[in-house]
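If you want the building blocks of each chain, they are given just below.
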Amino acid sequence: MKVLKKTLLLAAIGSSLFATAASAEQVNLTWQMWTGSETDTKSWQHLAEMVTAKYPDIKVTLTTTGWVDYWTRLPVLAASGQLADIVSMQSLRMPNFYSLLEPLNDRIETDKFDVGAFTPSIIGGMSVDKQLYGLPYDVGPWVIYYNQDALEAAGVPLPKPGWTLAEFTDAAKKLTKDGKYGFGITPTNYSVLAAAWGDKYVNDAGELDLTSASAVDAAERAIGFAAKDKIAPLVPSGGADPGDVIQGRFNSGNVAMYIDGPWSIIGMKDQAKFKIGLTTLPRDEGELSAVTAGSGFGISTTSKNKDAAWKAIQVLTSSEALSYLAEQGRALPARTASQSAWYKVAAKDITNGGEAIDYSLAHSVPYVITNNWAAVENLFNQYFPPAFAGSADAKQTMESIQSLAQQ
């Protein structure tokens, strides 16, 4: 009997020690992400649960905020040492915040992680000085949305991917009549169009160079759509966001074409009362260079669980996770093999949607920006509207922005 009690006691002690060891191995990760709706949040929570499903010893606690609040709070959290283990990052903001993230190149090389499975341009967008700081989950080339009903009514052939600037301008002129415009341009469309035409606004040293002949030439064309050709409406220089204004005018049928990314398709379907089509940005004489943007997940430099976070972000950007997001219509996956799922949901009933995205991705390049790009875009929004109205020429506009951006 004593032997039995001793055996049971030892078993109980062993069980207790095992439970303590198991508990010690449990890793609790935090993840900060933006969200736009309750449905959005549920999608991210599902991904967090996918991490635990693969790694039972890792639990991911998701914290979400709205898009604007996310970027306002990020530097505050960093300064106070409260960054999450996993930090969500957009490619256009990577130059501003990459120092908060752990470089991933060594881990990628050690684990032989296949970055070749992702669209190359977004790998470039999530990198700084050839060092990758985040694994991407989505990618989006800027494209032209068009009102198919308006084009057909005006006798304008539906544009094919790879169309030229001359073809685009001719179509926009035919669509501009009866108080409606053929094209809606915003100030921040400048760099997207300049890249598409092969014009440089950042020099080889990575410095803003808006006064070069190439940059000014692109600005003259972009400004000319409104100031010279009169195919685009004027936009506000303060108050309302120009992008929201132009998107609203497109949805209402007042503008026949405008520039946006694939992320807008889902919401647009519920608002536009006409047939929607997609095509590529217009190219100039050479090949199209379609810039892309996207977002992904990095590991904070302050994380105490970097190995676990590395495992987690691989799950969050796995083909299974990205196919799930695609099926929700949430994002065009950064992994090329998962993109077909998005086409079946988001691009369904969009004329030439898949063709336009495919062509753009096949001709895509990283979006070249500077580390003060947010300030540069604010200056675009301030100085381009007067130029659209004819109050300043392209050279004056670019000189003003260049000077103020360097202060």
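Here we summarise the structure given alongside this text. A quick note: this is a predicted structure, and the numbers were derived from the prediction, not measured.

Taken as a whole and judged by the stated rule, the model has 8 salt bridges. Note that aspartate 217 and arginine 221 form a salt bridge whose closest N and O atoms lie 2.8 Å from each other. Of this pair, aspartate 217 and arginine 221 both sit in helix α10 (residues 213–227), 4 residues apart, roughly one helical turn. For arginine 221, a relative accessible area of 23% translates into the label partly exposed. A salt bridge links aspartate 284 to arginine 221, with the shortest nitrogen-to-oxygen separation between them at 3.1 Å. Within this pair, whereas aspartate 284 is found in the loop between β10 (276–279) and β11 (290–293), its partner arginine 221 is found in helix α10, the two being separated by 63 residues in sequence. On the accessibility criterion, aspartate 284 (23% relative accessible area) is partly exposed. Connected through salt bridges with shared partners, the residues Asp217, Arg221 and Asp284 form a single ionic network.

Next up on the list: the environment of leucine 325. By the secondary structure assignment, leucine 325 is in helix α14 (residues 319–327). Judged by relative accessible area, leucine 325 falls into the buried class, the value being 1%. Taking C-alpha positions, leucine 325 is 8.1 Å from tryptophan 342, a pair spaced 17 residues apart along the chain. Apart from residues no more than four positions distant in its own chain, leucine 325 is found in contact with Ser43, Trp44, Leu47, Tyr137, Arg330 and Ala331.

We now examine the side chain of threonine 65. Checked against the element boundaries, threonine 65 lands in strand β2 (residues 58–65). Using a relative accessible area of 16% as the deciding quantity, one classes threonine 65 as buried. Excluding anything up to four places from it in sequence, threonine 65 contacts Met33, Trp34, Thr35, Tyr70 and Arg73.

Turning next to the sheet that holds β10. Here 3 strands make up an open sheet; going across it, the order is β9-β8-β10 and the pairing antiparallel. Pairing within the sheet leaves two strands with one partner each, and these edge strands are β9 (257–260) and β10. For this sheet the average axis-to-axis angle between neighbouring strands, irrespective of direction, equals 30°. Here strand β8 (residues 143–147) pairs with β10 via 4 bridges, running antiparallel. Bridge pairing links tyrosine 146 to glycine 277 in β10. Across the sheet, helix α11 (residues 242–251) is in contact with β8 and β9; its angle to β9 comes to roughly 135°. The sheet strands contacting helix α16 (residues 353–362) are β8 and β10, and the helix crosses β10 at an angle near 20°.

Rules used in this analysis
- Residues numbered from 1 in each chain as written.
- Predicted model: local features only at pLDDT ≥ 70, side-chain atom pairs only at ≥ 80, totals over all residues.
- Heavy atoms only, no water.
- Salt bridge = Lys/Arg side-chain N within 4 Å of Asp/Glu carboxyl O.
- Helix = DSSP H or I, 4+ residues; strand = E, 2+ residues; numbered from the N terminus.
- Buried < 20%, exposed > 50% of the residue type's maximum accessible area, 1.4 Å probe, protein only.
- Contact = heavy atoms within 4.5 Å.
- Pairing = 2+ DSSP bridges.
- Axes fitted to C-alpha atoms, helices over the stretch in contact; angles between N-to-C directions.

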